[in-house]
Amino acid sequence: MMGSTLAAAGGQTWDSAFAKSLIPTMLEGLWTTIQITLAGMAIALVVGLVVAIIRRSKIPVISQLFGFYVQFVRGTPLLIQAYFAYILLPDYGLTLSPLVTGIIVLGINYSAYTAEVYRAGVEDVPVGQWEAATALSLPIQRTWGRIVLPQALRSVTPVLGNYLIQMFKDSAVLFAISVYELMGHVDTIGSDTYRYLEPVTIAAALYLIVSLISSQFVRLLERRLVLSR
Amino acid sequence: MISFRGVSKSWGDNHVLRSLDFEVAPGEKVCIIGPSGSGKTTILRILMTLETPDEGLVVVNGGTLWDVKKGGHAKETKEMKATRRNVGMVFQSFNLFPHMTALENVMEAPVKVLKLDKQEAHQRAVELLGMVGLSDHLNHKPGRLSGGQQQRVAIARAMAMRPTVMLFDEPTSALDPELIGEVLEVIRELATGTDMTMLMVTHEMRFAEEISDRVVMFDKGVVVEKGPPAQIFKSPEHERTRKFLRAVLDY
């Protein structure tokens, strides 16, 4: 039924043989999308953590600066950030491939969100834990690494998992800076063949399948974390 | 030896310490009593560097913990950090690390701060947990222990740093009544069996009377009176002390 609606709107009817022929290319695009997501998330997890720790450490000026960083990144659209990096960075002598640029932009964009997630997790750790660490003269790195973060991360892991899924879908934006991920392939196929119905539908199905499976994993993880508490 | 000279602390209009002068001799066991919100706990928290005084000098074993001039800012110095290592603290709410076993809780600081090797730290932790009667719970996480057991782990954890000064901040206030005895028993053993300086804020008056060399009655930011437990509990000089004792002893 959905097919016929689309057909009416776009003047196209579903061509199964054509759709089938697209699948290998589309799976390739999916694989790129997954790689971008994992690499981007790795950046977001590390940078976000650093930002959260610096903000919490209340270092004059620097902590505020990173607070501004979070506001700035969250307050501007991912697409604009991607364009900005893609078009402007080469002017400053930083010529990176679209793929690498895309991964960095995605990672930086999400680091602002993960930083806030970490912050919430750290705030959830009772102040008594910090005080016990002080009373034992534990060095600050050790207090973070062994006392506070293990407790904070446990409570925020499912939230970070959901951000991973969101990033997987958001990475579609990167086709705008000619990254050949899943959406990029849709665009290319479309402009080569003038057929959008099949590639768009397949892409949507692939995004959906991966998202659904991943959110099941996140739910499972969440339950296990709660149980082992 | 602990010494407070002119130590003040306030939150807005609430003056919890008013130019406090206070001394504790080496090895002395001192209990601080008084109404809630009277600043008793703040004395301990300043000694543990969990709170910064607005003004005053605090010295422990000859090392300066705090030296704040009027209108100045309290700073964390190297000397403060070195001096702090002499001090251990047992909290009202235990504050054990929930993701670590009893043994790991006790071993953490000796390994990372005192740089003992793991084997030695392990052996000492086992001894300390045995001393507080928890040999059967070495590998249990706090979530599996009763409040009384958790507090005993916390005492072992603080002892593992070999403090010369031990602070107890209402160590039994968060416990169910039937668990108070086992914790007091451990503290009693430390009071009679070690030469640690002990400073305890408590509402357990009979216990305070029994174990302390000296009792300090504290109210509204100042020491109301101090003296041997027999004197404070049997013949207090001040009306405020009498009133307080009547309220807590004869409910």
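Residues numbered from 1 in each chain as written. Chains lettered and ligands numbered in written order. Predicted model: local features only at pLDDT ≥ 70, side-chain atom pairs only at ≥ 80, totals over all residues.

Engineer: What is the right way to read the overall build of chain A from this model?
Structural biologist: A tally of regular secondary structure across chain A gives nine helices and zero strands. Reading the secondary structure of chain A in the N-to-C direction produces α-α-α-α-α-α-α-α-α. C-alpha atoms of chain A, sized along the principal axes, occupy 70 × 50 × 25 Å. Here chain A holds 229 residues, and the buried ones make up 31% of them. (Helix = DSSP H or I, 4+ residues; strand = E, 2+ residues; numbered from the N terminus. Buried ≥ 20, exposed ≤ 12 C-beta atoms within 10 Å, placed from the backbone.)

Engineer: Explain the overall build of chain B to me, please; I cannot follow it from the model alone.
Structural biologist: Scanning chain B from terminus to terminus reveals nine helices and 10 strands. Projected onto the principal axes, the alpha-carbon positions of chain B cover approximately 50 × 45 × 30 Å. Across the 251 residues of chain B, 46% fall into the buried class. For chain B, the proportion of contacts with a sequence separation of at least 24, taken over those separated by at least 6, is 62%. (Contact = placed C-beta atoms within 7 Å.)

Engineer: Before we go on, may I ask you to explain helix H4 (residues 118-131) of chain B in this structure?
Structural biologist: Side chains that are three or four residues apart share a direction in an α-helix, a result of its 3.6 residues per turn. Residues and elements named next belong to chain B. With 14 residues, H4 ought to run about 20 Å at 1.5 Å a step, and its terminal C-alpha atoms sit 20 Å apart, in line with that. Here the buried face of H4 lies against helix H3 (102-112) and helix H5 (147-159). With its phi angle positive at about 80°, Gly-133 sits one or two positions after the end of H4. (Expected span 1.5 Å × (residues − 1).)

Engineer: Could you clarify how one ought to interpret the interface of chain B and chain A in this entry?
Structural biologist: How big an interface is tends to be stated in terms of the accessible area lost upon association of its parts. Contacts between chain B and chain A engage 18 residues on the former and 13 residues on the latter. Contributing elements (two or more residues each) for the side of chain B that touches chain A: strand E6 (87-90) and H3 of chain B. Classifying every residue of the side of chain B that touches chain A gives nine nonpolar, five polar and four charged. (Nonpolar A, V, L, I, M, F, W, Y, C, P; charged D, E, K, R; others polar.)

Engineer: Before we go on, may I ask you to explain the packing of helix H3 (residues 62-75) of chain A against helix H5 (residues 98-124) of chain A in this structure?
Structural biologist: The description of two packed helices rests on the angle between their axes and on the distance between the axes. Residue and element names in this part refer to chain A. Viewed as axis vectors pointing N to C, H3 and H5 meet at an angle of 120°, and their least axial separation amounts to 9 Å. Between H3 and H5, the angle falls in the class oblique. Note on packing geometry: the crossing formed by H3 with H5 is left-handed. Of the residues in H5, those touching H3 at Tyr-69, Val-70, Val-73 and Arg-74 are Ile-108, Asn-109, Ala-112, Tyr-113, Ala-115 and Glu-116. Here the contact of H3 with H5 is composed, by residue class, of seven nonpolar, one polar and two charged. (Axes fitted to C-alpha atoms, helices over the stretch in contact; angles between N-to-C directions. Parallel < 35°, antiparallel > 145°, perpendicular 65-115°, else oblique. Left-handed = near helix turned anticlockwise from the far one by under 90°.)

Engineer: Please explain the sheet that holds strand E5 (residues 63-68) of chain B as it appears in this structure.
Structural biologist: Hydrogen bonds along the backbone pair up the strands of a sheet, which may run parallel or antiparallel. All names here are of chain B. The sheet built from four strands is open, its strands ordered E2-E1-E4-E5 with antiparallel pairing. Because the sheet does not close on itself, it has two edges, and the strands there are strand E2 (14-24) and E5. For this sheet, the mean angle separating the axes of adjacent strands, direction not counted, is 15°. Against the sheet, helix H1 (residues 40-47) touches strand E1 (2-11), E2, strand E4 (55-60) and E5, its axis set at about 115° to E1. (Pairing = 2+ DSSP bridges.)

Engineer: Before we go on, may I ask you to explain the sheet that holds strand E3 (residues 29-33) of chain B in this structure?
Structural biologist: All names here are of chain B. Ordered in space as E6-E7-E8-E3-E9-E10, the six strands form an open sheet in which the pairing is mixed. Strands with a single pairing partner mark the edges of an open sheet, and in this sheet they are E6 and strand E10 (222-227). For this sheet the average axis-to-axis angle between neighbouring strands, irrespective of direction, equals 20°. Bridging between strand E7 (residues 165-169) and strand E8 (residues 197-201) involves five bridges; their strand directions are parallel.

Engineer: Before we go on, may I ask you to explain helix H2 (residues 16-56) of chain A in this structure?
Structural biologist: Residue and element names in this part refer to chain A. Helix length check: H2, at 41 residues, gives a terminal C-alpha distance of 55 Å against a target of 60 Å (1.5 Å per residue), a fit within 8%. The largest bend in H2 comes to about 40°, at Ile-23, with the proline Pro-24 one to four residues further on. Count one or two residues on from H2 and you reach Lys-58, which has phi positive near 50°. (Bend = angle between axes of the 7 residues up to and from the residue.)

Engineer: Sorry if this is basic, but what is going on with the packing of H5 of chain A against helix H7 (residues 140-170) of chain A here?
Structural biologist: All names here are of chain A. Between H5 and H7, the least distance of the axes is 8 Å, while the angle of their chain directions is 145°. Crossing of H5 over H7 shows right-handed handedness. Residues Leu-106, Tyr-110, Tyr-113, Thr-114, Val-117, Tyr-118, Ala-120, Gly-121, Val-122 and Asp-124 of H5 pack against Val-148, Ala-152, Leu-153, Ser-155, Val-156, Val-159, Leu-160, Tyr-163 and Met-167 of H7. Within the contact of H5 with H7, the residues separate by chemical class into 15 nonpolar, three polar and one charged.

Engineer: Teacher, can you tell me more about unusual backbone geometry here?
Structural biologist: Backbone phi values are negative for most residues with the exception of glycine, while trans is the configuration of most peptide bonds. Residues and elements named next belong to chain B. In this structure, Lys-115 is a non-glycine residue whose phi angle is positive, near 60°. Although it is not a glycine, Glu-170 sits at a positive phi angle of roughly 45°. Following the sequence through the fold, Glu-170 ends up in the loop between E7 and helix H6 (177-193). The exposure class assigned to Glu-170 is buried, which follows from the 20 C-beta atoms found within 10 Å.

Engineer: How should I be thinking about the confidence of the model for chain A in this particular structure?
Structural biologist: Predicted coordinates in areas of low pLDDT are best not read in detail. Residues and elements named next belong to chain A. Model confidence for chain A is summarised by a mean pLDDT of 90, while 94% of its residues fall at 70 or above. The secondary structure element of chain A with the lowest average pLDDT is helix H1 (residues 2-10), at 47, and the one with the highest is helix H6 (residues 127-135), at 97. Throughout residues 1-9 the model reports pLDDT below 50, and contacts reaching past four residues in sequence, or to other chains, amount to five contacts. (pLDDT = per-residue confidence, 0-100.)

Engineer: Quick question: what am I supposed to make of the pairing of E2 of chain B here?
Structural biologist: All names here are of chain B. The pairing of E1 with E2 spans seven bridges and is classified as antiparallel. Each residue of the ladder has a partner; that of Val-7, found in E2, is Leu-20. Linkage of E1 to E2, two consecutive antiparallel strands, is achieved through a turn of two residues, within which Gly-12 is found at a positive phi near 60°.

Engineer: Which parts of the structure should I look at to understand the nonpolar core?
Structural biologist: The tendency in soluble globular proteins is for nonpolar side chains to be buried as a group. Counting 121 residues, the largest nonpolar core has Ile-32, Leu-47, Val-106, Leu-129 and Leu-167 of chain B as its most contacted members. Of all the elements, H2 of chain A adds the most residues to this core, at 11 residues. Excluding anything up to four places from it in sequence, Leu-129 of chain B contacts Ala-102, Leu-103, Val-106, Leu-134, Ser-135, Leu-138, Val-153 and Ala-156 of chain B. (Core = buried A, V, L, I, M, F, W, Y, C linked by C-beta atoms within 7 Å.)

Engineer: Would you mind going over the pairing of E6 of chain B with me for this structure?
Structural biologist: Each regular strand carries side chains that alternate between the two faces of the sheet. Residues and elements named next belong to chain B. The side-chain alternation of E6 yields two buried faces, one formed by Val-87 and Met-89 and the other by Gly-88 and Val-90. Two elements, E6 and E7, share four bridges in a ladder whose sense is parallel. Looking across to E7, one finds that Gly-88 is bridged to Met-166.

Engineer: In this structure, what is going on with the confidence of the model for chain B? I would like to understand it.
Structural biologist: Residue and element names in this part refer to chain B. Per-residue pLDDT for chain B has a mean of 94; in total, 99% of the residues score no lower than 70. Highest mean pLDDT in chain B belongs to E6 (98); lowest belongs to helix H9 (residues 239-249) (90). At the level of chain-chain contacts, confidence expressed as ipTM amounts to 0.94, with global pTM at 0.88.

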